[in-house]
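Given next are the chains, with one letter for each unit.
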Amino acid sequence: MKLYRFLSGPDDSSFCHKVTAALNKGWHLFGSPTYSYDKQTKSMRCGQAVVKDVEGQEYGPSTKLSDW
């Protein structure tokens, strides 16, 4: 199965750690990162899509992406 996640967070080191953790679990970057202003929090936000292929498993709505 192919899994897709969109990681997002504030423009600080916590976002970089989130992406780094995903990469170290076998996820791969997918597309370009995003960067935008959040009017509610008056701060910049980052986003990055990641994908992962998992052999021998089937995807379902109850699949917890964070477990992979």
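Residues numbered from 1 in each chain as written. Predicted model: local features only at pLDDT ≥ 70, side-chain atom pairs only at ≥ 80, totals over all residues. Heavy atoms only, no water.

- The name given to the protein in an unreviewed UniProt entry is DUF1737 domain-containing protein, with Mesorhizobium ventifaucium as the source organism.

## Overview of the UniProt feature "domain: DUF1737" (unreviewed entry) in the protein
Phase 1: Here, UniProt's "domain: DUF1737" (unreviewed entry) annotation points to residues 1–53.
Phase 2: Summarising residues 1–53: 23% helix, 58% strand, and an end-to-end C-alpha distance of 6 Å. (UniProt positions renumbered as here; feature names shortened; annotations may be inferred. Helix = DSSP H or I, 4+ residues; strand = E, 2+ residues; numbered from the N terminus.)

## Describing the nonpolar core
Phase 1: Leu3, Leu7, Phe15, Val19, Ala22, Trp27, Cys46, Val50 and Val54 form the largest nonpolar core, which has 9 residues in total.
Phase 2: Of all the secondary structure elements, the ones that give two or more residues to this core are strand 1 (2–10), helix 1 (13–24) and strand 3 (43–53).
Phase 3: The dominant element in this core, judged by the number of residues it contributes, is helix 1, at 3 residues.
Phase 4: Contact partners of Cys46, with chain neighbours within four places excluded, come to Leu7, Ser8, Gly9, Pro10, Asp11, Phe15, Thr34 and Tyr35. (Core = buried A, V, L, I, M, F, W, Y, C linked by side-chain atoms within 4.5 Å. Buried < 20%, exposed > 50% of the residue type's maximum accessible area, 1.4 Å probe, protein only. Contact = heavy atoms within 4.5 Å.)

## Notes on the sheet that holds strand 3
Phase 1: Within the open sheet, the 3 strands sit side by side as 1-3-2. Their pairing is antiparallel. Among the strands making up the open sheet, the edge pair consists of strand 1 and strand 2 (28–38). Put simply, the sheet's adjacent strands are angled 15 degrees from each other on average, direction ignored.
Phase 2: In terms of strand pairing, strand 1 meets strand 3 through 9 bridges, oriented antiparallel. Note that in strand 3 the partner of Gly9 across the bridge is Cys46.
Phase 3: Those strands touched by helix 1 are strand 1, strand 2 and strand 3, and its axis lies near 165 degrees from that of strand 1. (Pairing = 2+ DSSP bridges. Axes fitted to C-alpha atoms, helices over the stretch in contact; angles between N-to-C directions.)

## Regarding the state of the cysteines
Phase 1: In this structure the tally under the stated criterion is 0 disulfides.
Phase 2: We note that Cys16 lacks a disulfide partner, and the nearest cysteine sulfur, in Cys46, lies 6.9 Å from it.
Phase 3: Residue Cys16 is classed as partly exposed on the basis of its relative accessible area, which comes to 48%.
Phase 4: For Cys46, a relative accessible area of 12% gives the class buried. (Disulfide = S-S within 2.5 Å.)

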